[in-house]
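Here are the chains, one letter per residue:
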Amino acid sequence: MNVHRAQEILAADEKIEVDLNGLAVWIDSVDSGKGLVKVHAEGNPADARLVPARELEEVH
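Residue numbers run consecutively from 1 along every chain, following the written order of its sequence. In keeping with the model being predicted, local features are shown solely for residues with a pLDDT of at least 70 and side-chain atom pairs are shown and tallied solely at 80 or more, while totals for entire chains, interfaces and linings include all residues. Side-chain metrics rest on all non-hydrogen atoms present in the structure, leaving aside hydrogens and water.

Asks: Any details on the side chain of E58? Residues and values, ideally.
Replies: Put simply, DSSP marks the helices as runs of H or I at least four residues long and the strands as runs of E at least two long, and each gets a number from the N terminus on. If you trace the backbone, E58 turns up in strand β5 (residues 56-58). Pairs of N or O atoms within 3.5 Å make up the polar contacts considered here, provided that, within protein, one atom can donate a hydrogen while the other can accept it, and that residues adjacent in sequence are counted only when both atoms are side-chain atoms. Here the side chain of E58 touches R5 through a polar contact of 2.9 Å, side chain to side chain. Residues count as neighbours in contact if any of their non-hydrogen atoms are within 4.5 Å of one another. In this structure, E58 is in contact with M1, R5, I9, I16 and E17, ignoring residues within four places of it in sequence.

Asks: I'd like a rundown of the environment of G43, residues and numbers included.
Replies: With respect to the element layout, G43 can be found in the loop between β3 (36-41) and β4 (44-52). With relative accessibility at 81%, the residue G43 sits in the exposed group. Through-space distance from the C-alpha of G43 to that of A24 is 9.3 Å; in sequence the pair is 19 residues apart. Each residue is placed in one exposure class: buried if its accessible area under a 1.4 Å probe, protein chains only, is under 20% of its type's maximum, exposed if it is over 50%, and partly exposed if it falls in between.

Asks: I'd love a proper account of unusual backbone geometry, names of residues and values included.
Replies: Positive phi outside glycine occurs at N21, with the angle close to 55°. Secondary-structure assignment places N21 in the loop between β1 (18-20) and β2 (23-31).

Asks: Go over the pairing of β4 with me, naming the residues and quoting the values.
Replies: Residues in a regular strand point their side chains to alternate faces of the sheet. A pair of strands counts as paired when DSSP detects no fewer than two bridges linking them. In this sheet, β4 lies alongside β3 in antiparallel orientation, the contact comprising six bridges. Following the sheet pairing, K38 is matched in β4 by L50. Hairpin connection, β3 to β4: the antiparallel pair is bridged by two residues, and G43 has positive phi, about 80°.

Asks: Just give me the short version of helix α1 (residues 3-11), but keep the residues and values in it.
Replies: Restricting attention to buried positions, one finds in α1 the residues V3, A6 and I9. The buried residues of α1 occupy an angular sector of 120° when projected down its axis, which confines them to one face. In this structure, α1 carries H4 and A11 as exposed residues pointing more than 90 degrees from its buried face. Residues of α1 that are buried sit in contact with β1, β2, β3 and β5. Arc definition: it is the arc formed by the directions from the helix axis to the C-beta atoms.

Asks: Tell me about the pattern of salt bridges, and name the residues and values.
Replies: When the charged atoms of two side chains lie near each other, side chains of opposite charge can form a pair. By salt bridge we mean one thing: a side-chain nitrogen of Lys or Arg within 4 Å of a carboxyl oxygen of Asp or Glu. A complete count under the given rule lists four salt bridges for this structure. In this structure, the salt-bridge partner of E58 is R5, at a minimum N-O distance of 2.9 Å. Taken together, the residues E58 in strand β5 and R5 in helix α1 connect sequence positions 53 residues apart. Under the relative-accessibility criterion, R5 is labelled partly exposed at 25%. Residue E42 pairs with K15 through a salt bridge whose shortest N-O separation is 3.2 Å. Note that E42 is positioned in the loop between β3 and β4 and K15 in the loop between α1 and β1, a separation of 27 residues in sequence. Looking at E42, the relative accessible area reads 35%, which means it is partly exposed. In this structure, a network of salt bridges that share partners links the residues R5, E8 and E58.

Have a look at this one:
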């Protein structure tokens, strides 16, 4: 995924499913300058991490 798409998903009104290495995650914030996205595992907000946007995959 690119940073622009991560920003669109973050701003979307509807839920858009996103995976990180097969794990369902929520996007918390996007740092477009660094190309990093802060995500947390669904159902576990304490499991937050910064990952490169390219590691995220939109689930269709």
